[in-house]
Amino acid sequence: MKPVICACVVSRPSPEGDVDLSYILNHLGEDRERYFGAVVPPIMQSSIFAFPTVEAMRAGFADEYGGHLYTRGNNPTVAILRKKVAALEGAEDCLMFGSGAAAMAAGVIACLAAGDHVVCVAKPYSWTRALLRDLLARLGVRTSFIDGTHEDNFATAIEDRTRLIVLESPNSMTFEQQDLASVAQLARARGIRTICDNSYATPLNQSPIALGIDLVVHSATKYLNGHSDVVAGALCGSEELLRAVFKGPYMTLGAILAPHDAWLMLRGLRTLTIRLRQIATTTAEVLAFLQGHPLVRKVYSPHADGNPQLALTQAQLRGASGLITIELDVDEVAAVERFCNALQRFLMTVSWGGYESLAMPVCAVFPRTTPMSGAATPSLRLVRLSIGLEEPDVLIADLEQALRKI
Ligand SMILES: *Cc1c(COP(=O)(O)O)cnc(C)c1O
């Protein structure tokens, strides 16, 4: 059966009515009269901004968040991007970072002190896990990793010192989801902050802030930029919270997005809606092909037949993105390797969300000698596909010939 995937990403519903995405992507934050009517904004490649008087400079120091003093704080080209990403997320404001990992680290660190406790989903992005399990554990923050697919597990895991719940819905390998509205409600009632990695869904397909989540993180490296040429991150939330992040980890750690990278991202964003619409359509076709293939034991996607969270997918996601993970029906790693090595149109590497289709074999993360019968077994058969902008027939033909090589 062909999965039903909504590909309508022209507007995003909000409490005030549908948001006009093309206005955000084409015009919001751009002040063309101030730069000679140039249609494309300039790259403000300047580390510092000068003042005419001491009084003006004093005002610049007093409100670095709102003004322009030094590019580690604010930069006008980056500021255009901040406005657009905040509007896409339905957030009051956004801070841009030099990577998604930096955005997550800054958001998490701003909420915590030594002795605090965090509840995090069981399988977050690997560097989110490393942040909590390794770096923050060393600084006296404890984390409980829980199965977030069952709401009750959050209430059970909360302790007196729990200050933050870290979510990622869906995650980017096996796509487990959390019921964001109910976790947000539980957390708010107890004065606990929530942060959600929304990279898979993008602001077009899921709005955690509208569901009560405090902070939203994006690896903007993925769909937001979409061209595999920039590493960037975004952190969205209320101005009050982001001012605290700005004064704290943002300015202290200094993991900023450079003006030129911000400019490239503005260019990438122009086509966000059409890229995601095309990707959703192609992904539905590839998913239908893979679900029927005898050498594919299981297909992971929020929209896959048999996903136990299909009802949550329908309720919480407005459409599909282009990630599909397949578990091959094979008994040796060499067979997974034959499949991946035979792919012609899918490039084999990490990351996802670009214009080009990618394949990521999990077995490449493990040593060649890892036994198929050991603890890593199910994941050794997994290959994650990121669907790009190629024609569906091209991708399906490539998968078909590679599966034959197994
Ligand atoms: C890639 C990724 C990140 C990290 O983003 P970078 O831009 O690579 O630092 C965070 N979360 C998810 C789900 C990701 O896929």
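Preceding this section is the structure that the text describes.
Reference entry: report on the structure contained in this document. Every chain is numbered on its own, with residues counted from 1 as its sequence reads. Per-residue local features are limited, in this predicted model, to residues with pLDDT of at least 70; the limit for side-chain atom pairs, both in listing and counting, is 80 or more; totals at the level of whole chains, interfaces and linings are taken over all residues. Where side-chain values are given, they derive from all heavy atoms of the structure, hydrogens and water being excluded.

**Focus: the sheet that holds strand β10 (residues 296-300)**
In step 1: Pairing between two strands is assigned when DSSP locates at least 2 bridges connecting them. Numbering goes from the N terminus for both helices and strands, where a helix is a DSSP run of H or I of at least four residues and a strand is a run of E of at least two. Strand order across the open sheet formed by five strands is β10-β11-β14-β13-β12, with mixed pairing between neighbours. Each edge of the sheet is formed by a strand with only one pairing partner; in this case those strands are β10 and β12 (347-348).
In step 2: As defined by bridge partners, β12 adjoins strand β13 (residues 358-361) across two bridges and the pair is classed as parallel. Looking at β13, one finds that Leu 347 is bridged to Leu 358.

**Focus on the site of the ligand**
In step 1: Throughout, near means a residue has at least one heavy atom within 4 Å of the molecule or strand. Inspection of the region around the ligand gives 13 residues, with Gly 100, Ala 101, Asp 197, Thr 221 and Lys 222 positioned closest.
In step 2: Counted as a polar contact is a pair of N or O atoms within 3.5 Å, where, for protein atoms, one must be capable of donating a hydrogen and the other of accepting one, and residues adjacent in sequence contribute only when both atoms are in side chains. The backbone of Gly 100 places a nitrogen or oxygen atom 2.9 Å from an oxygen atom of the ligand.
In step 3: Between the ligand and Thr 221, the relevant distance is 2.6 Å, taken from an oxygen atom to a side-chain nitrogen or oxygen of the residue.
In step 4: In isolation the ligand has 380 Å² of accessible area, and contact with the protein removes 89% of it.
In step 5: Amino acids are sorted into nonpolar (Ala, Val, Leu, Ile, Met, Phe, Trp, Tyr, Cys and Pro), charged (Asp, Glu, Lys and Arg) and polar (every other residue, Gly among them). Considered class by class, the residues forming the shell around the ligand number five nonpolar, five polar and three charged. To measure how exposed things are, a 1.4 Å probe is used in the Shrake-Rupley method; for residues, cover is taken only from the protein chains shown.

**Re the side chain of Thr 128**
In step 1: For Thr 128, the position within the fold is in helix α5 (residues 126-138).
In step 2: What makes two residues a contact is simply this: any of their non-hydrogen atoms within 4.5 Å. The contact partners of Thr 128, leaving out residues within four places of it in the chain, are Met 104 and Val 166.

By themselves, these are just geometric observations and shouldn't be taken as functional.
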